[in-house]
Amino acid sequence: MRIVCIDTEDQYREIVERDVVAPLRAQGHEFAWVDGGRFDRPGDAIASATGFDALYVIGDQGPLPAGLLEQTPTLKLVSFVGTGARRFVDMAEAERAGVTVTNVADFASQSVAEHAIALMFAVARRLVEGDGIVRSGNWAKHQGVKLAGERIGVIGAGAIGSRVIRLAKGLGMEPVYWSRTEDAERTAALGAEYVSLDELVATSRVVSVHVTHSPETDRLVNRQLLERLRPDAIFVNTARAEVVDTEALDELLAAGRIFGAGIDVFAEEPPNTETLPSIGSNAVLTPHIGFHTDEADDVFRLAGENILAFASGRPTNVIH
C-alpha cells in the first residue's frame, strides 16, 4: 500500500517515523510525508492524496476537506490517530467513496482524566499565579481551596469520565455524573449518583466535561447552565470546546462570577490570544495536551497497526 500523511506537525515526526513508518516499510509498504501540508487548503490536500491508498490522519490541522475522499478514487482507508475520527472525517462521504475509516479507541483515557484532575488542582490552588509570584521575586501568599469532601460533577461517564470519577473518589470527593442515557448498572459500577444536568451544574464545586462533540452535544453546556454554576465553582474542559458556550464561560470568568476554570481545548487551535479568557481571571490554559503522555503516544503505533491489518485483509478498529 501507498500511505500518505498530510497534516503532521514536526513534534510528531520522530515518533511516527520510528513506530509507524519503519514497520510499514519493513513489510513493503510506502509512506510519504507532505511537508507543511494542511487540510485547510483543499486543493493542495486533494492533490497530495491523489494516487495513494491510505491516509494517516493525526488531526492537528482540522477536518478533511469536503470532497477529498470522493476526488481521490485510489483511497481505500483513513487511519485516524485517536478516538474522534467522526469530528475529522465525513462518514457520509466515506460511505459514498467506499473508504474504510479506523481509529484507536480508548488510547488516552487515563492520561486525559489525570490532566483534568491536574487542571482542577491548578485552579483550586492557583498554581500558575503562585509560580508567577515567586518568579517575579515576590512572596505574596494567596489562598486556595481544599477539594476533599467537595462535590465534583462529571458530564459524560465514558472511558475518560469514569476514570475521573474513580480518581475523584480516591481524593475524598463526592462524584455525581450525567450522561445522555441513564444506566443503573453503570451507576452501581461507578459508585456515583446519576443526576440531571441542571442539578449537576448547580450543586457541584467542580464541573468537568467529558462528552464527545456531535450535533446532539453541540453547546450542550449552554449559557443557561453556565449561569447556574456556583460562585465558587471550578469548571474544567478537556473534551471539546464546541460542547460548551465558550463565550458565556469567558464572560463569567471576566466578571469573577465563578472561582475559575481549567481549559485544554479551544474552538480554534491555536486560539486567537485576544479572545482568550480575561487575563485577570483564574483560568489555567493548556495547549490541548491532555492526551499527550509517553504512554498515550502509543496511539501512533496502534494507528499504524490498523493500516497493516487492513492491508492483510483483516481490518481492525473499523468505525465505518
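For the structure given in this document, a descriptive report is provided here. Here the structure is a predicted model, which means the values were calculated and not measured.

## Regarding helix α5 (residues 109-124)
With 16 residues, α5 extends 23 Å between its outermost C-alpha atoms, agreeing within 8% with the 22 Å of an ideal straight helix rising 1.5 Å per residue. Here α5 lies mainly inside the structure; 12 of its 16 residues are buried. If you check which residues of α5 are buried, you get Ser-109, Ser-111, Val-112, Ala-113, His-115, Ala-116, Ile-117, Leu-119, Met-120, Ala-122, Val-123 and Ala-124. Downstream of α5 by one or two residues, Arg-126 has phi in the positive range, about 50°.

## Let's talk about the nonpolar core
Counting 53 residues, the largest nonpolar core has Ile-155, Leu-226, Leu-229 and Phe-235 as its most contacted members. At 8 residues, the largest contribution of residues to this core is made by α5. Setting aside anything within four residues of it in sequence, one finds Phe-235 in contact with Val-207, Val-209, Val-221, Leu-226, Leu-229, Val-244, Leu-249, Ile-258, Gly-260, Ala-261, Gly-262 and Ile-263.

## Some remarks on the pattern of salt bridges
One pass over the structure, following the stated rule, counts 22 salt bridges. We note a salt bridge from Glu-242 to Arg-87, for which the minimum N-O separation is 2.9 Å. With Glu-242 in the loop between β10 (234-237) and α11 (246-254) and Arg-87 in helix α3 (residues 85-88), the pair connects residues that are 155 residues apart, well separated along the chain. Judged by relative accessible area, Arg-87 falls into the partly exposed class, the value being 29%.

## A short note on the sheet that holds β10
Paired through their backbone hydrogen bonds, the strands of a sheet run either parallel or antiparallel. Strand order across the open sheet formed by 7 strands is β8-β7-β6-β9-β10-β11-β12, with parallel pairing between neighbours. Here the strands that pair on one side only, and so sit at the sheet edges, are β8 (193-194) and β12 (283-285). With 4 bridges joining them, strand β6 (residues 151-155) and strand β9 (residues 206-209) adopt parallel strand pairing. Its bridge partner being in β9, Ile-155 is matched across the sheet by Val-209.

## Let's talk about the packing of aromatic side chains
One pass over the full model with this rule turns up 5 aromatic pairs. Look at Tyr-12 and Phe-300: their rings are 5.2 Å apart centre to centre, the planes differ by 40°, and that puts the pair in the tilted class. Taken together, the residues Tyr-12 in helix α1 (residues 10-26) and Phe-300 in helix α12 (residues 298-311) connect sequence positions 288 residues apart. A single burial state applies to Tyr-12 and to Phe-300, both of which are buried. The interplanar angle of 70° and the centroid separation of 5.9 Å between the aromatic rings of Phe-31 and Tyr-56 together place this pair among those described as edge-to-face. Note that Phe-31 is positioned in strand β2 (residues 30-33) and Tyr-56 in strand β3 (residues 54-57), a separation of 25 residues in sequence. A residue is classified by how much of its surface remains accessible, and Tyr-56, at 1% relative accessible area, is buried.

## With respect to the packing of α1 against α12
Viewed as axis vectors pointing N to C, α1 and α12 meet at an angle of 30°, and their least axial separation amounts to 9 Å. With respect to their mutual orientation, α1 and α12 come out roughly parallel. Handedness of the crossing formed by α1 with α12: right-handed. Contact residues: Tyr-12, Ile-15, Val-16, Asp-19, Val-20 and Leu-24 in α1; Phe-300, Arg-301, Gly-304, Ile-307 and Leu-308 in α12. Tallied by class, the residues present in the contact of α1 with α12 amount to 8 nonpolar, 1 polar and 2 charged.

Rules used in this analysis
- Residues numbered from 1 in each chain as written.
- Predicted model: local features only at pLDDT ≥ 70, side-chain atom pairs only at ≥ 80, totals over all residues.
- Heavy atoms only, no water.
- Helix = DSSP H or I, 4+ residues; strand = E, 2+ residues; numbered from the N terminus.
- Expected span 1.5 Å × (residues − 1).
- Buried < 20%, exposed > 50% of the residue type's maximum accessible area, 1.4 Å probe, protein only.
- Core = buried A, V, L, I, M, F, W, Y, C linked by side-chain atoms within 4.5 Å.
- Contact = heavy atoms within 4.5 Å.
- Salt bridge = Lys/Arg side-chain N within 4 Å of Asp/Glu carboxyl O.
- Pairing = 2+ DSSP bridges.
- Phe/Tyr/Trp six-rings, centres within 6.5 Å; stacked < 30°, edge-to-face > 60°.
- Axes fitted to C-alpha atoms, helices over the stretch in contact; angles between N-to-C directions.
- Parallel < 35°, antiparallel > 145°, perpendicular 65-115°, else oblique.
- Left-handed = near helix turned anticlockwise from the far one by under 90°.
- Nonpolar A, V, L, I, M, F, W, Y, C, P; charged D, E, K, R; others polar.

Everything listed is a geometric property; what it means functionally is a separate question.
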